[in-house]
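Single-letter residue listing:
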Amino acid sequence: MAAQKEIRLIIKRQAGPESSSYTEEFAIPYQPNMNVTAALMEIRKNPINAAGKKTEPVIWESVCLEEVCGSCSMLINGKPRQACAALIDNLSQPIHLAPLSTFPLVRDLMVDREQLFDALKKVHAWIEIDGIFDLGSGPRMPERTRKWAYELSKCMTCGCCAEACPNVNAKSNFMGPASISQVRLFNAHPTGEMSKEVRLSEIMKSGGITSCGNSQNCVEVCPKSIPLTTSIADLNRKTTIQSFKNMLGSF
Amino acid sequence: MNQGKAENALRKLHSLSGVIPLGVFLMVHMLVNYSATGGEEAYNFAAGIMANLPFRYFLETFVIFVPLLFHAVYGVYVALKAKQNVLKYGYFRNWGFFFQRVTGFIAFAFVIWHIWDTRVQAALGAEPNFEMMAALVTDPLTLGLYLVGVVCVLFHFANGLWTLLITWGITVTPKSQKFTQYALMLFFIGFSALGVQALFAFAQ
């Protein structure tokens, strides 16, 4: 795209969870190689809207600035993605920014993604470490497994998959694709595998894996290209087998 | 530990009931219909075999009506929990998700109407044969609605079979899911062609 004098942004704003939302337009001076985060920082530096009126700076979250923390996730031109990884030069203008709609709004572009972390706690998304004494080194992971497990480990719990999923919403208690994929990751780990039934039984409860409706939007929008639908299908197989074990008995 | 376990089983059973027994019955039903292309006698013979099966009321109840009621009512409950976003995310599979629910609702209404038109009328004393169907579809509006109904039911079945293969953990890789998607699309087109021909055979 040719160099432009200014960048125009239309931002959906809301002062707080109970306030009503409105849009505000901003025009900021163009600089090459800017990302959306840089544009938002520019607004914070000089909080004047396109009409020339002084306004409250736009609130948003960001931590890592390199697409590994997931906190600056927002709707950029209608698609859920990270502000730090969205280059202005690649976006059509005016750039529309809005908060993720699936999560409770805090203010402006900032949402509360706690339900994602609660789901990780629920599904036991960790590997047990040694207790009061050293249990020695655990079994090794085969290289073939390591390869695909590494891809799953790239999940940053950003919430894009939950945002695009038609079954994650206020009417449903579906935990969403991210935490289900983490069950596959930790069950693939040779030590994590020792408590695989704990994780499987969690996703076999209400709001677990069977709430998936196979729209497969998650895998389309995942910024880390994690094979979320493969994880879900694989765990459909594992939970089906687990159901038979629960019903008919197993050792 | 027990909380919500019923939901897991119900969702799996919902998926299964759409294929076994409902999908299997649907295919038999479509083939019986197709025999109408061979004339009145051929159809009455094929339909007669179905109507004269032993334990007919038992079969009707447990192979058709109970699974149908469960599948339809639970399906509506599940579908109403979704927040459709196909205009925002116009991916192919999301359209499939959307149409699965739309055709489900159409199928629900169509099947009730169809049962009223045929099974209920038969129970009230009408003779369920070629003539009964022919009389129904001579009305162009009824024929049109039946065509829409049959195609929707068949799409719902083909696409539902695709999701069953995922829900039960049979197709896991994207490659296998692509393959079954194409195979079931052909299945949908093929069975729709049979269904449409059968309806026109009655209408003639």
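Our subject is the structure that appears above.
Cut-off values and rules
- Residues numbered from 1 in each chain as written.
- Chains lettered and ligands numbered in written order.
- Predicted model: local features only at pLDDT ≥ 70, side-chain atom pairs only at ≥ 80, totals over all residues.
- Heavy atoms only, no water.
- Helix = DSSP H or I, 4+ residues; strand = E, 2+ residues; numbered from the N terminus.
- Contact = heavy atoms within 4.5 Å.
- Areas by Shrake-Rupley, 256 points an atom, 1.4 Å probe, with all protein chains shown as cover.
- Buried < 20%, exposed > 50% of the residue type's maximum accessible area, 1.4 Å probe, protein only.
- Pairing = 2+ DSSP bridges.
- Polar contact = N/O pair within 3.5 Å; in protein donor to acceptor, adjacent residues only side chain to side chain.
- Core = buried A, V, L, I, M, F, W, Y, C linked by side-chain atoms within 4.5 Å.
- Domains from an automatic or database assignment.

Draft legend 1. Representation of the overall build of chain B within the structure. Broken down by element type, chain B carries eight helices and zero strands. Across chain B, helices and strands are ordered from the amino to the carboxyl terminus as α-α-α-α-α-α-α-α. Principal-axis analysis of the C-alpha atoms places the extent of chain B at approximately 55 × 35 × 25 Å. Sequence separation of at least 24 residues holds for 75% of the intrachain contacts in chain B that already meet a minimum separation of 6. For chain B, the exposed area adds up to about 10,900 Å²; of that, 75% sits on carbon and sulfur atoms.

Draft legend 2. Seen up close, the pairing of strand 3 (residues 73-76) of chain A. Residue and element names in this part refer to chain A. Neither face of strand 3 is open: one carries S73 and L75, the other M74 and I76, and all of them are buried. The antiparallel pairing of strand 3 with strand 4 (residues 79-82) creates a hairpin that spans two residues between the two strands, and N77 there sits at a positive phi of about 50°. As paired strands, strand 3 and strand 5 (residues 95-98) are joined by two bridges and run antiparallel to one another. Considered in strand 5, the bridge of L75 is made with A98.

Draft legend 3. Main features of the side chain of N129(B). Structurally, N129(B) is set in the loop between helix 5 (92-123) and helix 6 (130-137). At 3.2 Å, the side chain of N129(B) forms a polar contact with the backbone nitrogen of E131(B).

Draft legend 4. Inspection of the nonpolar core at higher detail. Residue and element names in this part refer to chain A. Core analysis: the biggest nonpolar cluster contains 41 residues, and F174, M175, I180, I203 and L235 have the highest contact counts within it. Ranked by residue count, the leading element in this core is helix 5 (residues 177-188), at five residues. When residues are assigned to domains, this core turns out to be shared by domain 1 (6-111) and domain 2 (114-249), each giving three or more. Ignoring any residue separated from it by four or fewer positions in sequence, one finds M175 in contact with A119, K122, V123, I180, E202, I203, G207 and G208.

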